[in-house]
Amino acid sequence: MLPQEEKLEVGKQRSNLFIGIPKETSYQERRICLTPDAVTSLTAHGHRVMIEAGAGLSSSYTDKEYSDAGAEITNDTKKVFGCPVILKVEPPTVKEIEMMNQQTLIISAIQLKTQKKEYFEALTSKKITALAFEFIKDEDGSYPAVKSLSEIAGTASVLIASELMINQKIGKGLLLGNITGVPPTEVVIVGAGTVAEYAARTALGLGANVKVFDNSINKLRRLQNNLNQRIFTSTIQEKVLLKALMRCDVAIGAMRGKERTPIVVSETMVEHMKKGAVIIDVCIDTGGCFETSEITTHEKPTFIKNNVIHYCVPNIPSRYSKTASMSISNIISPFLLQMAEDGGIESSIRCNYGLKHGIYFYHGLLTNRSIADWFNIPFRDINLLIF
């Protein structure tokens, strides 16, 4: 037998991060990736954070708060994009990618439905490693960023509906609550995921009657168990759904589809709804589940069709920018600290499966199969690139 060399594990070497946070330029985007408290935590561990002046103002964070937390404030956008690690809420534009250095790490959302092939070509040319925070997995296999923002969107959908019901022109003038001697408000929710759960939780907390429709019995059962009470649930049967919509005051669309959200509520069904009823189509980001839905903006959020008020604003969490920023920051900052402890992104994705799942570009090579199929771009398995 030949003698064999003993293989010893090489100890991890801690690295220091230099993070750049540019101002968000995307339309209607008001959030920021790190709060001043998160910056304090990072700078206390020896990391550098550079923030473009005014980046946190739309989330009610001043430059002074970030400066006091240890961040470097600059008006030079190119200087921020020159940092080795870039944090953004929205994905960078092609022009912003051009300002980045070779081999930069970009952490942002990807928003696959709105991307074009040029974006991925720009990442390839700069040999960028890109991490989408909506792809990051937790220890239990869930997606923490998606779940957290879905909680905000679900809760917000009911609060927005309560505002719209007092609309002077066509609103029903109803209070979304249960007042003694007055019949409670009727709320119909289409879908039974996280958005639906938090919408139902909020509506029930205000005293409304809630009906939930979904074709997954497992999701309906889980929703009832999470709410810890029995509510009306049903699979999506046209006759039952139409009957519920005719009686409801608020209808919330909370469906999810693999590519486009399926249209569940036809225009004919909307025509049968009460005058002044409210539709909140939370899934408008992926097409919407009401046939009458059309994309609106935070500036002009509603339109009236068939005497029904429609609210179809994509990116509802951005309306509550400070809460959403705190939520994103709470998810990203622990990953950044762990990444530094592991010795950088290379070591971190070897050790952390959840973080590795978030990588969709690795040194200019596409590593996400669904993106490859969608845009017809060559794909490389990340497990064959990292040893």
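Residues numbered from 1 in each chain as written. Predicted model: local features only at pLDDT ≥ 70, side-chain atom pairs only at ≥ 80, totals over all residues. Heavy atoms only, no water.

1. Let's talk about a nonpolar patch on the surface
How we decide: Only residues whose relative accessible area exceeds 30% and that take part in no salt bridge are eligible for patches, with like-charged residues grouped when within 9 Å of each other and nonpolar side chains (Val, Leu, Ile, Met, Phe, Trp, Tyr) grouped when within 5 Å. Each accessible area value is a Shrake-Rupley result obtained with a 1.4 Å probe; residue values ignore everything except the protein chains displayed when judging cover. A pairing counts as a salt bridge when a side-chain nitrogen of Lys or Arg comes within 4 Å of a carboxyl oxygen of Asp or Glu. Each helix is a run of DSSP H or I of at least 4 residues and each strand a run of E of at least 2, with the numbering of both proceeding from the N terminus. Throughout, exposure labels follow a simple rule: accessible area from a 1.4 Å probe, protein chains only, divided by the maximum for the residue type, with under 20% read as buried, over 50% as exposed, and the rest as partly exposed.
A contiguous nonpolar patch, built from Leu 175, Ile 179 and Val 182 and spanning about 280 Å² of accessible area, is present on the exposed surface. Along the chain, Leu 175 turns up in the loop between helix 6 (144-164) and strand 7 (186-190). Given a relative accessible area of 59%, Leu 175 falls into the exposed group.

2. Brief notes about the pattern of salt bridges
The full count for this structure, using the stated rule, is ten salt bridges. Ionic pairing is found between Glu 24 and Lys 88, a salt bridge with its closest N-O pair at 3.2 Å. Of this pair, Glu 24 sits in the loop between strand 1 (18-21) and helix 1 (36-44) while Lys 88 sits in the loop between strand 4 (85-87) and helix 4 (94-98); the two residues are 64 residues apart in sequence, bridging distant segments of the chain. Glu 24 sits in the buried class, given a relative accessible area of 13%.

3. Details of helix 1
Definition in use: Directions drawn from the helix axis to the C-beta atoms are what define this arc. Only heavy atoms enter the contact rule, under which two residues are in contact if any of them lie within 4.5 Å.
Residues of helix 1 that are buried: Pro 36, Ala 38, Val 39 and Leu 42. All buried residues of helix 1 lie within an arc of 155° about the axis, which places them on one face of the element. Exposed positions of helix 1 whose direction lies more than 90 degrees from the buried face are Asp 37 and Ala 44. At its buried positions, helix 1 is contacted by strand 1, strand 2 (48-52), helix 2 (63-68) and helix 11 (321-342). Phi for Gly 46, located one or two positions after helix 1, is positive at around 90°.

4. A look at the sheet that holds strand 13 (residues 308-311)
Heads up, the rule is: Strand pairing is assigned whenever DSSP detects at least two bridges linking the two strands. Axes here mean lines fitted to C-alpha atoms, for a helix over just the part in contact, with angles spanning 0 to 180 degrees between N-to-C directions.
Read across the open sheet, the seven strands follow the order 9-8-7-10-11-13-12; overall the sheet is mixed. For this open sheet the edge positions go to strand 9 (232-234) and strand 12 (302-305), each flanked by a neighbour on one side alone. Direction aside, neighbouring strands of the sheet carry axes that sit 20° apart on average. Relative to strand 9, strand 8 (residues 209-213) is paired through three bridges, and the arrangement is parallel. Within strand 9, the position partnered with Val 212 by the bridge is Thr 233. In the packing of helix 7 (residues 194-206) onto the sheet, contacts are made with strand 7, strand 8 and strand 10 (250-253), and the angle to strand 7 comes to roughly 170°.

5. Remarks on the packing of helix 6 against helix 7
The angle between the axes and the distance between the axes are what describe a pair of packed helices. Put simply, the test is: Note on angle classes: values under 35 degrees are labelled roughly parallel, values over 145 roughly antiparallel, values of 65 to 115 roughly perpendicular, and the remainder oblique. What makes a crossing left-handed is the near helix being turned counterclockwise from the far one by less than a right angle; a clockwise turn instead makes it right-handed. Three residue categories are used. Nonpolar comprises Ala, Val, Leu, Ile, Met, Phe, Trp, Tyr, Cys and Pro, charged comprises Asp, Glu, Lys and Arg, and polar comprises the others, including Gly.
With their axes 7 Å apart at the nearest point, helix 6 and helix 7 run at an angle of 40° to one another. Relative to helix 7, helix 6 is oriented oblique. Where helix 6 crosses over helix 7, the handedness of that crossing is right-handed. Between helix 6 and helix 7, the contacting residues are Lys 147, Ser 150, Glu 151, Gly 154, Thr 155, Ser 157, Val 158 and Leu 159 on the first element and Thr 194, Val 195, Tyr 198, Ala 199, Thr 202, Ala 203 and Leu 206 on the second. Class assignment of the residues belonging to the contact of helix 6 with helix 7 gives a composition of seven nonpolar, six polar and two charged.

6. A short note on the sheet that holds strand 3 (residues 72-74)
If you walk across this open sheet you meet the eight strands as 3-2-1-4-5-6-14-15, and the pairing is mixed. Looking at strand neighbours, the two that pair on one side only are strand 3 and strand 15 (365-366), the edges of this open sheet. Pairing analysis gives two bridges linking strand 1 to strand 4, with the strands arranged parallel. Within strand 4, the residue paired with Gly 20 across the bridge is Ile 86. Against the sheet, helix 5 (residues 117-125) engages strand 6 (129-132) and strand 14 (359-362), with an angle of about 50° to strand 14.

7. With respect to helix 9 (residues 238-247)
For helix 9, the set of buried residues is Leu 241, Ala 244 and Leu 245. All buried residues of helix 9 fall inside an arc of 100° around its axis, so they share one side. Lining the buried residues of helix 9 we find strand 7, strand 8, strand 10 and helix 10 (267-271).

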